[in-house]
Amino acid sequence: MIKQYIFVLMVISFLFQQQNFAQSKQVPRTYVAHKTSEKIVIDGKAEETAWKTTPKSQDFIDIEGEKIPTYQTNMKMLWDEDYLYFYAKMEEPHIWATLKQRDTVIFYNNDFEIFIDPDGDTHNYYEFEMNALNTVWDLFIVKPYREPAPIVDSWDIQGLKSQLYIQGTLNDASDEDEFWSVEVAIPWEVLKEANSHNEIPENEFWRINFSRVNWDFELENGTYSRAKDEKGEFKHEYNWVWSPQGVINMHEPEHWGYVYFSNTAPGEKEEFSIPNDEKIKWELYRIYRAQKAYKDKNGKWAGALSKINGEFIQVEGEKLQPKLEVHKTGWNIWVESPFTGHKLLIKEDGDFIKQKN
């Protein structure tokens, strides 16, 4: 059942991508995660001094980056030598959950989701979801759903810690709740497996995003369920995220936010700016998506970048001319960075490669 669902999701995701390749440009958000020396107890409350002194994120926004969500959501992050920590607080007047089996489709309930791409190549990334019963779904995704590839649903986060706190009452429609908060600890030993090196990314950044799925609900004999329309079909969910995607699709990792892992303590000042090479990467992925859309419309790849508005790109005042290389098994788009001298390349399956000179 899960595998059938994932296949359907892949198809839907691909269609969304084709329909939205001309999406408005969204600048990813940034966050600095500080290193803590304090022992963190995973209880969903985040009462340690480290949590209280670390800044919360910007308010979550609708996934397309335009609408303000009905209820406020914020996240925080910390790290130490053993774990990467997450905390999120979600306002919600009706806290409910029904799913109790691990690795079921958790976002059929209201849920909180974490997406992590350690090396930023859009391949080999992690997805984690949990509901208000602390039921989790963890996946290892080889490639985004727009590309045919295995999805390792049986993969589990070894050593995972997760807990939640509810200011209110779960599955009780007789009162109005305030919020639910989640706290998650993922061991570095798991996360480093998809990194470009087998070390904690101290003073480095990863691509990460967060999503909160929220549903309109209906009650029957005091039991919550997803609301249906007049045709008896489930109404569409709301997707509220930390860093806007610009499209209704979380599985475009090139839009995720940037988290910088500072070795400074919580509360200390740390500045992080997105490197210019990353801004070049955004433009290369824009061309990549246009090339995919061209193939979908015309049945063949564009043989020249001028056909997909990719002949030139401009980043921080620098006008660059990407190159398109077509070969027997696909194509590459690449450009040399004027900022670092690195060759930045995207393959036909969306894999990003940085080659140092």
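On a predicted model such as this, the values are computed, not experimentally measured, just so you know. (Residues numbered from 1 in each chain as written. Predicted model: local features only at pLDDT ≥ 70, side-chain atom pairs only at ≥ 80, totals over all residues. Heavy atoms only, no water.)

## Examining the overall build of the chain
Argument step 1. A tally of regular secondary structure across the chain gives four helices and 21 strands.
Argument step 2. Its C-alpha radius of gyration of 21 Å places the chain within 12% of the 21 Å reference for a compact globule of 357 residues.
Argument step 3. Along the first, second and third principal axes, the C-alpha atoms of the chain reach 60 × 55 × 35 Å.
Argument step 4. Relative to its 357 residues, the chain shows a buried fraction of 55%.
Argument step 5. Here the contacts in the chain between residues at least 6 apart in sequence split such that 64% fall between residues at least 24 apart.
Argument step 6. Between the averaged position of the 40 positive side-chain charges in the chain and that of its 60 negative side-chain charges there is a distance of 7 Å. (Helix = DSSP H or I, 4+ residues; strand = E, 2+ residues; numbered from the N terminus. Rg over C-alpha atoms; globule rule 2.2 N^0.38 Å. Buried < 20%, exposed > 50% of the residue type's maximum accessible area, 1.4 Å probe, protein only. Contact = heavy atoms within 4.5 Å. Lys, Arg positive; Asp, Glu negative; His and termini not counted. Charge placed at Lys NZ, Arg CZ, Asp CG, Glu CD.)

## Side note on the side chain of Glu127
Argument step 1. Structurally, Glu127 is set in strand S6 (residues 125-130).
Argument step 2. A polar side-chain atom of Glu127 sits 3.5 Å from a polar atom in the side chain of His251.
Argument step 3. Each residue touching Glu127, except ones within four places of it in the same chain, is listed here: Glu113, Ile114, Phe115, Trp137, Asp138, Leu139, Ile141, Tyr145 and His251. (Polar contact = N/O pair within 3.5 Å; in protein donor to acceptor, adjacent residues only side chain to side chain.)

## Things to note about the environment of Glu233
Argument step 1. Mapping Glu233 onto the fold places it in the loop between strand S13 (223-226) and strand S14 (238-241).
Argument step 2. The partly exposed category is assigned to Glu233, whose relative accessible area is 49%.
Argument step 3. Residues contacting Glu233, with those up to four places away along its chain left out, are Ala227 and Lys228.

## Observations concerning the nonpolar core
Argument step 1. Ranked by size, the top nonpolar core spans 42 residues in total, and within it Met77, Phe86, Ile116, Phe210 and Phe261 carry the most contacts.
Argument step 2. Beyond its immediate sequence surroundings of up to four residues, Ile116 is in contact with Phe86, Tyr125, Tyr126, Ile186, Leu191, Trp206, Arg207, Ile208 and Trp256.
Argument step 3. Counting residues in hydrophobic clusters, the runner-up holds 19 residues, among them Tyr288, Ile308, Ile313 and Phe352. (Core = buried A, V, L, I, M, F, W, Y, C linked by side-chain atoms within 4.5 Å.)

## Focus: the confidence of the model for the chain
Low pLDDT marks regions whose predicted coordinates should not be analysed in detail.
Argument step 1. Per-residue confidence for the chain gives a mean pLDDT of 93, with 93% of residues at or over 70.
Argument step 2. Scored below 50 in pLDDT, residues 3-24 shows 40 contacts in the model against residues more than four places distant or in partner chains. (pLDDT = per-residue confidence, 0-100.)

## Brief notes about the environment of Gln158
Argument step 1. Its location among the elements puts Gln158 in the loop between strand S8 (151-152) and strand S9 (161-167).
Argument step 2. Of the residues examined, Gln158 reaches a relative accessible area of 57% and is grouped as exposed.
Argument step 3. As a C-alpha pair, Gln158 and Ala194 span 36 residues in sequence and 14 Å in three-dimensional space.
Argument step 4. Setting aside residues no more than four positions away along its own chain, Gln158 makes contact with Pro187 and Val190.

## Structural notes on the packing of aromatic side chains
Centre-to-centre distance and the angle between the planes together describe a pair of aromatic rings.
Argument step 1. Under the defined criterion, the tally for this structure stands at 27 aromatic pairs.
Argument step 2. Here Tyr71 and Trp240 contribute two aromatic rings whose centre-to-centre distance is 6.2 Å and whose plane-to-plane angle is 80°, an arrangement assigned as edge-to-face. With a gap of 169 residues between them, Tyr71 in the loop between strand S2 (61-62) and strand S3 (73-79) and Trp240 in strand S14 connect regions that are remote in the sequence.
Argument step 3. Taking the relative accessible area as the measure of exposure, Trp240 reaches 3% and is therefore buried.
Argument step 4. Relative to Tyr224, the ring of Phe217 has its centre 5.1 Å away and its plane inclined at 65°; by these criteria the two rings are edge-to-face.
Argument step 5. We classify Phe217 as partly exposed; its relative accessible area is 30%.
Argument step 6. Exposure remark for Tyr224: the relative accessible area of 4% places this residue in the buried category.
Argument step 7. An aromatic cluster is defined as three or more aromatic residues linked by ring pairs; in this entry it consists of Phe205, Tyr258, Tyr260, Phe272 and Trp282.
Argument step 8. The side chain of Arg226 reaches across the aromatic face of Tyr108, ending 4.4 Å from its centre. (Phe/Tyr/Trp six-rings, centres within 6.5 Å; stacked < 30°, edge-to-face > 60°. Lys NZ or Arg CZ within 6 Å of the ring centre and 35° of its normal.)

## So, the pattern of salt bridges
Argument step 1. Within this structure, the stated rule accounts for 14 salt bridges.
Argument step 2. One salt bridge connects Asp349 with Lys143, and the closest N-O pair in it is separated by 3.1 Å. Here Lys143 lies in the loop between strand S7 (136-141) and S8 and Asp349 lies in the loop between strand S20 (343-347) and strand S21 (352-355), a separation of 206 residues in the sequence.
Argument step 3. Connected through salt bridges with shared partners, the residues Arg102, Asp138 and Asp156 form a single ionic network. (Salt bridge = Lys/Arg side-chain N within 4 Å of Asp/Glu carboxyl O.)

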